[in-house]
Amino acid sequence: MVTQAYRFALDPTPSQRRALASHAGAARFAWNWALATCNNRYEGEGKWWSGTELHRLWNVAKRNNPALGWWSENSKCVYQEAFRDLDRALQEFVRSRNGARKGPRLGFPRFKKRGRCRESFRFSTGAIRCGGRTVTLPRLGTISTHESTRKLARRLEKGAARILSATVSRTAHRWHVSFTVRVDRAVPTRHARPGSAVGIDLGVKTLLTAVDDQGKVIEITGPKALRAGLRKLRRLSKAHSRTQRGSANRVKAAERLARHHAQIAAMRADALHKATTSLAACYETIVVEDLHVTGMLANRRLARAVADAGLGQARRTLDYKTVWMGGRLVVADRWYPSSKTCSDCRRRKPSLTLSERTYHCDGCGLSLGRDINAARNLLSLAASGAESLNACGGDVRPGPAGHLPTKQESGAAHGVDETGTAAGLPAATWSNARKRSRSA
């Protein structure tokens, strides 16, 4: 059983569009009301209200305050989910401040302003169904979709899936519904091509350079959607900035600009999904680097190109697609010198600038493309990375990807639904890496 999402583009009527906007506004109002209520209590008692307590306070307030008489126009689930979201945000804020949450430090939840926040709301109870080219949502009724929902409907009819919640959101001019579904997914015990392996080097000029165990070189050039649409983006941004605030023309200009941004994001996501799906279906073991994308975005000369490539999204999609195909994903150490090491004699260069696109080895005389050389080095970790991981004991600190080491048993390998972290440096390097991440 896995939890996954099915996302469909809605095709609502004008009256349904007004109802969708009304529900999104109700969710925004519930969030702001709950946040103000929590702030008032914290000033006096030093603690917040929980999600359940906020729901009880809301039930009292909506009956006693005549100004809240409009609340019944929308589903009650919208308000409940907004309170739960705020409760979760406050808990994650505390965990981040205490150091119990990984990633960058979270800020305190802020109020949502109309036109500045993402319009979304969620249903967790009520009539939530789909079939054909329609979806049924509580209080909104049956809404048409731009694409068929039969893939999810068949799973629901067979009892192989169960809808947990439905989140409706607006991106540019289009409304989408995302079903969070608990699916009984048939994961194969073996990959269609057992024993196959590939090393993947992600880059900016070429989105993906891969070398498989047969020596075949695969190069996938990304669409560079932002670069291709940058001229139009500048023109639309300039036209939007020249309109008068509060005017109808400014609203139209903002919609045109948002549609262009959505088109760029859709082109990037489409290319990444096609590339990662084909690789996960063709190779059992895939080796990738643990790239520090946030640090790469700090370089002002490369930030736009790195963001346009979507390197982090490629790693995330490979993580779950390899599991679905019966394979595994091996993540190389972040400090593994894949580009500086010769793939033939294993001699390492002390430095390698980004402008050097061809790798020249001073030892064996190898002359090879920089990305191809890095992919060959990553391919070598398909077997050695698993072996070094299996040799680790349970008390060894996990790698940067957070995967726990396996037991010290000969032949112990990862299961179909697991990923590994290939060790590239001695264990003492992990403490230095953690210190650097904490200081940053």
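Source: prediction; values computed, not measured.

1. Structural notes on a positive patch on the surface
Working step 1: Judged by side-chain charge, Arg231, Lys232, Arg235, Lys252, Arg256 and Arg259 come together as a positively charged surface patch.
Working step 2: Mapped onto the positive patch, the elements with two or more residues apiece are helix H6 (230–241) and helix H7 (248–282).
Working step 3: Tracing the sequence through the fold places arginine 256 in helix H7.

2. What about the packing of aromatic side chains?
Working step 1: Considering all chains together, one arrives at 12 aromatic pairs under this definition.
Working step 2: An angle of 25° between the planes, with centres 5.1 Å apart, marks the rings of tryptophan 58 and tyrosine 79 as stacked. Of this pair, tryptophan 58 sits in helix H2 (residues 51–64) while tyrosine 79 sits in helix H3 (residues 76–97), and the two are 21 residues apart along the sequence.
Working step 3: Among the residues examined, tyrosine 79 registers a relative accessible area of 1% and is labelled buried.
Working step 4: The rings of Phe29, Trp33, Trp58, Trp70, Tyr79 and Phe83 are connected pair by pair, giving a single aromatic cluster.
Working step 5: Positioned above the aromatic ring of tryptophan 31 is the side chain of lysine 112, whose terminal nitrogen or guanidinium carbon lies 4.4 Å from the ring centre.
Working step 6: The ring centre of tyrosine 359 lies 5.0 Å from the NZ or CZ of lysine 349, which sits over that ring.

3. Brief notes about H6
Working step 1: A rise of 1.5 Å per residue sets the reference length of H6, with its 12 residues, at 16 Å; its end C-alpha atoms lie 16 Å apart and thus fit the reference within 8%.
Working step 2: Among the residues making up H6, those that are buried are Leu230, Leu233, Leu236 and His240. For H6, the angular spread of the buried residues around the axis is 125°, confining them to a single face. Facing away from the buried surface of H6 by more than 90 degrees, the exposed residues are Arg231, Arg234 and Arg235.
Working step 3: Its buried side turned inward, H6 meets helix H5 (225–228), H7 and helix H9 (303–309).

4. Brief notes about the sheet that holds strand S3 (residues 129–131)
Working step 1: Sheet architecture is open: 3 strands sit in the order S3-S4-S5, paired in antiparallel fashion. The sheet is open, and its two borders are formed by S3 and strand S5 (141–144), each paired with just one other strand. The average undirected angle you get between the axes of adjacent strands in this sheet is 20°.
Working step 2: Bridge analysis of strand S4 (residues 134–137) against S5 gives 4 bridges, and the strand direction is antiparallel. Residue threonine 134 lies in a different strand from S5, and its bridge partner there is serine 144.

5. Details of the pattern of salt bridges
Working step 1: Per the counting criterion, the structure on display carries 16 salt bridges.
Working step 2: Among the ionic pairs, arginine 84 bridges to glutamate 81, the shortest N-O distance being 2.8 Å. Of this pair, arginine 84 and glutamate 81 both sit in helix H3, separated by 3 residues, roughly a single helical turn.
Working step 3: Accessibility expressed as a relative area gives 41% for arginine 84, which makes it partly exposed.
Working step 4: The structure contains a network of salt bridges with shared partners spanning Glu81, Arg84, Asp85, Arg88 and Arg122.

Each value, and the rule that gives it
- Residues numbered from 1 in each chain as written.
- Predicted model: local features only at pLDDT ≥ 70, side-chain atom pairs only at ≥ 80, totals over all residues.
- Heavy atoms only, no water.
- Patch = residues over 30% accessible without salt bridge, like charges linked within 9 Å, V, L, I, M, F, W, Y side chains within 5 Å.
- Areas by Shrake-Rupley, 256 points an atom, 1.4 Å probe, with all protein chains shown as cover.
- Salt bridge = Lys/Arg side-chain N within 4 Å of Asp/Glu carboxyl O.
- Lys, Arg positive; Asp, Glu negative; His and termini not counted.
- Charge placed at Lys NZ, Arg CZ, Asp CG, Glu CD.
- Helix = DSSP H or I, 4+ residues; strand = E, 2+ residues; numbered from the N terminus.
- Phe/Tyr/Trp six-rings, centres within 6.5 Å; stacked < 30°, edge-to-face > 60°.
- Buried < 20%, exposed > 50% of the residue type's maximum accessible area, 1.4 Å probe, protein only.
- Lys NZ or Arg CZ within 6 Å of the ring centre and 35° of its normal.
- Expected span 1.5 Å × (residues − 1).
- Arc of directions from axis to C-beta.
- Contact = heavy atoms within 4.5 Å.
- Pairing = 2+ DSSP bridges.
- Axes fitted to C-alpha atoms, helices over the stretch in contact; angles between N-to-C directions.

Purely geometric numbers; function is a separate question.
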